[in-house]
Amino acid sequence: MSAVIKAEHISYTYPGDEDTPPVQALRDVSLEIEEGSFTAILGHNGCGKSTLAKVLCMILEPDEGTLEVYGRDMTAEDATDEDVFNARRNVGMVFQNPDNQLVATIVEEDVAFGCENLGVAPADIRRRVDEALATVGMTEYARHATHRLSGGQKQRVAIAGVLAMRRRCIIFDESTAMLDPKGRREVMDTICRLNREEGITVIHITHYMNEATLADRVVVMSEGGIIMDGTPREVFSRVSELRAAELDVPQTTELLWGLKNAGWDVAVDIFDADECAREIARALERGGHGNT
Amino acid sequence: MGTLEVKDLSYTYGKGAPYEIKALDSVNLVFEAGRITGLIGHTGSGKSTLVQMLNGLMKPDSGKVLLDGVDIWEKPKEIRNIRFRVGLVMQYPEYQLFDESAEKDIAFGPRNMGMSEDEVKEAVREAARFAGLDESLLKKSPFDLSGGQKRRAALAGVIAMRPEVLVLDEPAAGLDPGARREILGRIKKYQRESGTAVIIVSHSMEDMAMYCDTVAVMDHGRLMMTGTPAEVFSRSQELFAAGLDVPQITKVAASLKKCGVDIGLDVYTVGYALERLLPLGGKGE
């Protein structure tokens, strides 16, 4: 495995103006993203997650540190605009609010917009748009007006637009925040499938702990820095630290944690409901009913 | 305090057009004073349309919205008053902040209602307290507040009108878990102290289970079921079919039953699950 994104000692400060003081959003962040990996980034509002995402896909330029994207150092003295454009062709981003990303009045035209700008051949655009819409389950809305869609539907169209551009790495910045449970499941299924079957590198920023458990790796940020980095099992076992960082743990872990604190002999790093139930049943067998 | 009731409410978007969509289909529902009702439903199920009917932003094709038994559209010219009595906090309300200070922004509603300056001041202070906005923040520009603070300032702007019914569309969307707990806890506290009817629209089954007294489920423009969180979330198969979900803890309870450990299927918070599991033992030797 090779690192597709390599950030070393990155810092970024939002410049202030006469009314607002500057705000340092990232402090000395180092992070490597492996090709084909699925990383979830957690953290409370204002911890620097979105700033990091914007730096990783080169919307913002870091003040300090080095950023290597697909083997090219974006922060090098001799990095040209062309290098940045080329790197951006590998890294796509889907934002939280779909109203800020839809540009066309008809669904399929919106999905085609990115491809058109990349100069993809019309027949190829047609095929990519149809595939992308099918992937997000919006085929029947291909000719509908974008402004008449609900928030969740708009978001799926925005994701289809990035899928159609065939990005090798996609950063999702809280892209599920506005979706209903079914929409969220569909999008998460899509993200997992893109990662596992198409080998797309995924960085998923979210407030939903259950979504983070689907990733290979969970990175927790606080006050502009990385405070935890590990597999979901490693990270979610550290219940007290997560709570201190204003975060939650999945309900399975919360339940098992409560039982463990009451003296039960159970593991806490379980995120699947069935597996959690089996763990509890096992503990009951070992301890015997009513034998407290 | 007001009780809001909808009777046989129906609405169709683009009536007569090729893409007409029946958003509401004979919905009957009562929102009682002193209760928090959670409104859940898949995207496009009609929740937002229903919410916009509740304070007269949209007019139903047929059916009625009754506030304390009176049709809100009885005197269409006075519909503005209904909007003061039924406060609506829209999705991402922080995008609607506009004034030069948080204080002035919160005061906008009460001033429009014609409250005296003293009353306005008192209403702003009280609303800021309920929303958990420190006095020191009130003089600041609303645009200099953090995301969570902006959300609470927008909430205060509606609470300051002292509405008899408070309607919130996804009040916790996009907030981190700590800020979610903070804002939902404050809404619950406000409801308890003021006795208002509160209606919350949300996609988070976990939040609904935790904070609501009643849960109403919408599916394709119809009211599919209504009941306590325990009643509603124990019907998981129907909820899945409607594109919804149950809290993860409810799934654990269902799975435990299959493993021969029956703690009931109406378990919808981690607290209840612990309460029922702990007496069973399970400690190691």
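Residues numbered from 1 in each chain as written. Chains lettered and ligands numbered in written order. Predicted model: local features only at pLDDT ≥ 70, side-chain atom pairs only at ≥ 80, totals over all residues. Heavy atoms only, no water.

1. So, the sheet that holds strand S4 (residues 64-69) of chain A
Residue and element names in this part refer to chain A. Read across the sheet, 4 strands follow the order S2-S1-S4-S5 without closing on themselves; strand pairing throughout is antiparallel. This sheet does not close on itself; its edge strands, each paired only once, are strand S2 (23-34) and strand S5 (72-73). Direction of pairing for strand S1 (residues 3-14) relative to S2: antiparallel, over a ladder of 8 bridges. Looking at the pairing, Ile-10 lines up with Val-29 of S2. Those strands touched by helix H1 (residues 49-56) are S1, S2 and S4, and its axis lies near 60° from that of S2. (Pairing = 2+ DSSP bridges. Helix = DSSP H or I, 4+ residues; strand = E, 2+ residues; numbered from the N terminus. Contact = heavy atoms within 4.5 Å. Axes fitted to C-alpha atoms, helices over the stretch in contact; angles between N-to-C directions.)

2. Some remarks on the interface of chain B and chain A
In this complex, chain B contributes 46 residues to the contact, which on the side of chain A involves 53 residues. At the surface where chain B touches chain A, the tally comes to 2 salt bridges. In this structure, Asp-248 of chain A and Arg-181 of chain B form a salt bridge, with 2.6 Å as the shortest nitrogen-oxygen distance. Where chain B meets chain A, there are 12 residue pairs in polar contact (both at pLDDT 80 or more). Only helix H7 (177-194), helix H8 (205-211), helix H11 (248-258) and helix H12 (270-277) of chain B provide two or more residues apiece to the side of chain B that touches chain A. The leading source of residues in the side of chain B that touches chain A is H11 of chain B, at 6 residues. (Salt bridge = Lys/Arg side-chain N within 4 Å of Asp/Glu carboxyl O. Polar contact = N/O pair within 3.5 Å; in protein donor to acceptor, adjacent residues only side chain to side chain.)

3. Some thoughts on the nonpolar core
Ile-40, Phe-233 and Leu-239 of chain B are the most contacted members of the largest nonpolar core, which totals 55 residues. Counting residues per element, this core draws most heavily on helix H4 (residues 117-131) of chain B, which supplies 7 residues. If you look at the next biggest cluster of nonpolar residues, it comprises 50 residues, including Val-94, Val-111, Val-220 and Phe-236 of chain A. (Core = buried A, V, L, I, M, F, W, Y, C linked by side-chain atoms within 4.5 Å. Buried < 20%, exposed > 50% of the residue type's maximum accessible area, 1.4 Å probe, protein only.)

4. Concerning the sheet that holds strand S9 (residues 217-222) of chain A
Backbone-to-backbone hydrogen bonds pair the strands of a sheet. The strands run either parallel or antiparallel. All names here are of chain A. With respect to topology, 6 strands assemble into an open sheet ordered S6-S7-S8-S3-S9-S10, the strand pairing being mixed. Looking at which strands have only one partner, the edges of the open sheet turn out to be strand S6 (91-94) and strand S10 (225-230). Sheet twist, expressed as the average angle between the axes of neighbouring strands with direction ignored, equals 20°. Across 4 bridges, the pairing between strand S3 (residues 38-42) and S9 is parallel. Paired with Ala-40 across the bridge in S9 is Val-218.

5. Some remarks on the state of the cysteines
On inspection of all chains with the given rule, the structure shows 0 disulfides over all chains. Lacking any disulfide linkage, Cys-115 of chain A is separated from the closest cysteine sulfur, that of Cys-169 of chain A, by 18 Å. For Cys-259 of chain B, which is in no disulfide, the shortest distance to another cysteine sulfur is to Cys-276 of chain A and amounts to 9.8 Å. (Disulfide = S-S within 2.5 Å.)

6. Considering the confidence of the model for chain B
For chain B, per-residue confidence averages 92 on the pLDDT scale, and 98% of positions sit at 70 or higher. Scored by ipTM, the complex comes to 0.82, with pTM at 0.84. (pLDDT = per-residue confidence, 0-100.)

7. Section: H12 of chain B
Three or more residues of H12 of chain B are buried, namely Val-270, Ala-273, Leu-274 and Leu-277 of chain B. Looking down the long axis of H12 of chain B, one finds its buried residues gathered within 100° of arc, a one-sided arrangement. Turning to H12 of chain B, the residues buried within the fold contact helix H10 (251-261) and helix H11 (273-287) of chain A together with H11 of chain B. (Arc of directions from axis to C-beta.)

8. Notes on the environment of Ala-128 of chain B
Residue and element names in this part refer to chain B. Along the polypeptide, Ala-128 turns up in helix H4. The spacing of Ala-128 and Arg-152 is 24 residues in sequence and 8.2 Å in space, taken between C-alpha atoms. With sequence-adjacent residues up to four places away left out, Ala-128 is seen in contact with Leu-133, Leu-138 and Ala-156.

9. Some remarks on H11 of chain B
For H11 of chain B, the full list of buried residues reads Gln-248, Ile-249, Thr-250, Val-252, Ala-253, Ser-255 and Leu-256 of chain B. Tucked into the core, H11 of chain B has its buried residues touching helix H7 (209-212), H10 and H11 of chain A together with H8, helix H9 (229-233) and H12 of chain B. At the exit of H11 of chain B stands Gly-260 of chain B, carrying a positive phi of roughly 90°.

10. Some thoughts on the pairing of S9 of chain A
All names here are of chain A. For S9, a buried count of 6 out of 6 residues is recorded, marking the element as mostly surrounded by other parts of the structure. The alternating pattern of S9 places Arg-217, Val-219 and Met-221 and Val-218, Val-220 and Ser-222 on opposite faces, both of which are buried. Here S9 folds back onto S10 in antiparallel fashion, the turn holding 2 residues, of which Glu-223 has a positive phi close to 50°.

11. Side note on the side chain of Lys-47 of chain B
Locating Lys-47 of chain B in the fold gives a position in helix H1 (residues 47-54). Of the side chains with opposite charge, Asp-180 of chain A lies nearest to the buried Lys-47 of chain B, which makes no salt bridge, at 5.9 Å. A distance of 2.8 Å separates a polar atom in the side chain of Lys-47 of chain B from the backbone oxygen of Gly-41 of chain B. Excluding its chain neighbours within four sequence positions, the residues that come into contact with Lys-47 of chain B are Leu-39, Ile-40, Gly-41, His-42, Val-201, His-203 and Met-218 of chain B. (Lys, Arg positive; Asp, Glu negative; His and termini not counted.)

12. Comments concerning the packing of helix H3 (residues 107-118) of chain A against helix H4 (residues 122-135) of chain A
Angle between the axes and distance between the axes are the two parameters that describe a pair of packed helices. Residues and elements named next belong to chain A. The geometry of H3 relative to H4 is characterised by a closest axis approach of 9 Å and an angle of 125° between their N-to-C directions. By the angle between their axes, H3 is oblique relative to H4. In the packing of H3 onto H4, the handedness of the crossing is right-handed. Only Ile-125, Arg-126, Arg-128, Val-129, Ala-132 and Leu-133 of H4 make contact with H3, whose side of the interface consists of Val-107, Glu-108, Val-111, Ala-112, Cys-115 and Glu-116. Residues of the contact of H3 with H4, tallied by class, amount to 8 nonpolar, no polar and 4 charged. (Parallel < 35°, antiparallel > 145°, perpendicular 65-115°, else oblique. Left-handed = near helix turned anticlockwise from the far one by under 90°. Nonpolar A, V, L, I, M, F, W, Y, C, P; charged D, E, K, R; others polar.)

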